[in-house]
Amino acid sequence: MNIFEQLVIPPSSEHIGLLTVMQIISLLTFLPFAGITLGASVFSVYFKKRGKSTKNPLYIMMAKDVMDKLTAGKAAGFALGVLPMITIVLVYAQLLYGAKVISVSLLTLALILYIVSYVFIYNYKSAFQLEAVIGALKSGTLPGEVREYEDKVVYMGSRYGNWGISILLTAMFLFISGMTIASKPGVWGSVDNILKLLVSAPIWVNFLYFLSSSAMVTGGAILYFFFVWQGGVRPGNLDYAAAIKKYAVITAFAGTLIQPIFIFAGTLFLKPYNASSGVYAFAGFSLLALLLIGAMLYQIFKSSETNLSGAVFFLIFMLFTFTIVKDQLTFKNAMKEQYLVLGSKAEELAKEKQGMIVQVSGADGEKIYNEKCVACHKFDVKLVGPPYQETVPKYSGDLKKLAAFIYNPQKINPDYPAMPNQGLKQKEADAVAKYIMDKVGKK
Ligand code: HEC
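Within every chain, residues take consecutive numbers counted from 1 along the sequence as written. Only residues with pLDDT of at least 70 are given local features in this predicted model, and only at 80 or more are side-chain atom pairs given and counted; all residues enter the totals for whole chains, interfaces and linings.

1. Focus: the packing of helix 1 (residues 13-54) against helix 7 (residues 201-227)
Cut-off, in case you're wondering: Between N-to-C directions, angles cover 0 to 180 degrees, with each direction set by a line fitted to C-alpha atoms, over the stretch in contact for helices. Only DSSP runs of H or I with at least four residues qualify as helices, and only runs of E with at least two residues qualify as strands; both kinds are numbered from the N terminus onward. In what follows, roughly perpendicular refers to angles from 65 to 115 degrees, roughly parallel to angles under 35, roughly antiparallel to angles over 145, and oblique to any angle outside these ranges. Remark: residues whose backbone-derived C-beta atoms lie within 7 Å of one another are considered to be in contact. For this classification, Asp, Glu, Lys and Arg are treated as charged, while Ala, Val, Leu, Ile, Met, Phe, Trp, Tyr, Cys and Pro are nonpolar and the rest, including Gly, are polar.
Taken N-terminus to C-terminus, the directions of helix 1 and helix 7 make an angle of 75°; their axes are 8 Å apart at the nearest point. The angle between helix 1 and helix 7 falls in the class roughly perpendicular. Together, P32, G35, I36, L38, G39, A40 and F43 of helix 1 and F210, S213, S214, A215, V217, T218 and A221 of helix 7 make up the contact between the two elements. Of the residues belonging to the contact of helix 1 with helix 7, the class tally is nine nonpolar, five polar and no charged.

2. A word on the site of the ligand
Using the following cut-off: All residues are tested the same way: a C-beta atom is placed from the backbone, and lying within 6 Å of a molecule or strand makes the residue near it.
Every one of the 24 residues lining the ligand counts as a neighbour, but C373, C376, G385, N413 and M419 are closest to it. Broken down by secondary-structure element, the contributors of at least two residues to the shell around the ligand are helix 12 (365-373) and helix 14 (399-407). The element best represented in the shell around the ligand is helix 12, accounting for three residues. Looking at the shell around the ligand, its residues break down into 17 nonpolar, five polar and two charged.

3. Here's the deal with the nonpolar core
Proteins that are soluble and globular tend to have nonpolar side chains buried together. The line we're drawing: By definition, a nonpolar core groups buried Ala, Val, Leu, Ile, Met, Phe, Trp, Tyr and Cys residues that are joined through C-beta atoms within 7 Å. Residues with at least 20 neighbouring C-beta atoms inside 10 Å of their own are called buried, those with 12 or fewer are called exposed, and the rest are partly exposed, where every C-beta is derived from the backbone.
Ranked by size, the top nonpolar core spans 100 residues in total, and within it Y92, A171, M172, I222, L223 and I316 carry the most contacts. Discounting chain neighbours no more than four positions away, the residues touching I222 are V66, L70, I244 and A248. Of all hydrophobic cores here, the second largest spans 16 residues; its members include I406, L424, I436 and M437.

4. Here's the deal with the domain arrangement of the protein chain
Under the convention used in this document: An automatic or database domain assignment provides the domain bounds reported here.
Domain parsing of the protein chain yields domain 1 (13-345) and domain 2 (355-442). Using only C-alpha atoms to locate each centre, domain 1 and domain 2 end up separated by 61 Å.

Now the structure itself:
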């Protein structure tokens, strides 16, 4: 089941380079943004719950501000999440053209679920504003209508967050499964349904890697958008700033600490066809970046300074870059055979477009040759007509031209009599032309 098979055409080898660049740029937009959306939603839902149960308005404020600052507006959310994801799916559909692998189906499913989660999460976010409005109204007496409305909003605020997170997690699991399988041609045939994804160790390693990156980039984004971006927020409220800083650093630090485990595990799962010195180099860069991030987070935690936040956020993006380039190299190394196939398919298609190749289905060239041509032609000996080996090469692969001669022979060589018209249909002329051209080509 590959719904794109009809839509996409096999890319030529020059085209593949361009697609790879597009892929890296789209992943570099999508993965951090999806990571931040996931992290911010979990952070927000958790602190909202905690704020409600402890009746601490600071937590609720945190829950709301994190959503506001980290998930961007609806339009930006679409541009940073949905659009690059569509690009990624289309690029994979092209690169895996004709391959028997479920990756593209998984990525498509992931895309649909991602869009659903996006709707839930933005509804969860709007519920905060509505709750605030109702909160303000509550100081007076509430009309019955508004009270009904309040129940709905509270429901949205609690349920939509949870639903959004679960669906987003599922979408990301499928997305990462699709990418992981794509770079392992060895398992293309065997991993053919969704249940098998759940027992695949390399998929889990990559998924947990994504979750730890998500924690890291969320923590980094909170530090950045609360303390650096446009001079920081709510400067008067020191308690609030301290609490935000503490939880942001803890979140980022947790991700940073466990990430090396998955980098090592990931390299263990590399197949020989995946590995190259570039892959190991980028794994090394990742570890180095992690070390720096960890050290800076520790500095921020220890001192009351937050001015390293910008650098941390930047380094986290570098880390994403290293990881994505490493994964794309892993993929590219594994694709050598697939790209050769694609190259020849693309060439065939280009020829077909220029009219050098014609569709010959329906007529049997060899049969026609045996019935209508053997009397006067052999491939290597002169009979009434010249041997094909002498005449066919001059058409240098142009089937259309050869078929045109057979369909309607013209006088050519003064040493021979004219060839009588054999009364073939165009389709038959095409078929026999292809047959003799293929045969001459093989000799
Ligand atoms: C009655 C004999 C005869 C039959 C049957 C015949 N040919 Fe020919 N064919 C000739 C002769 C003679 C020539 C040389 C014509 C010329 O050079 O003007 C020729 C030339 C050709 C050439 C060379 C054209 C070129 O550009 O030099 C091709 C290709 C060819 N025939 C294909 C076929 C095919 C395919 C069939 C069967 C469908 C076929 N012929 C049946 C006699 C025949």
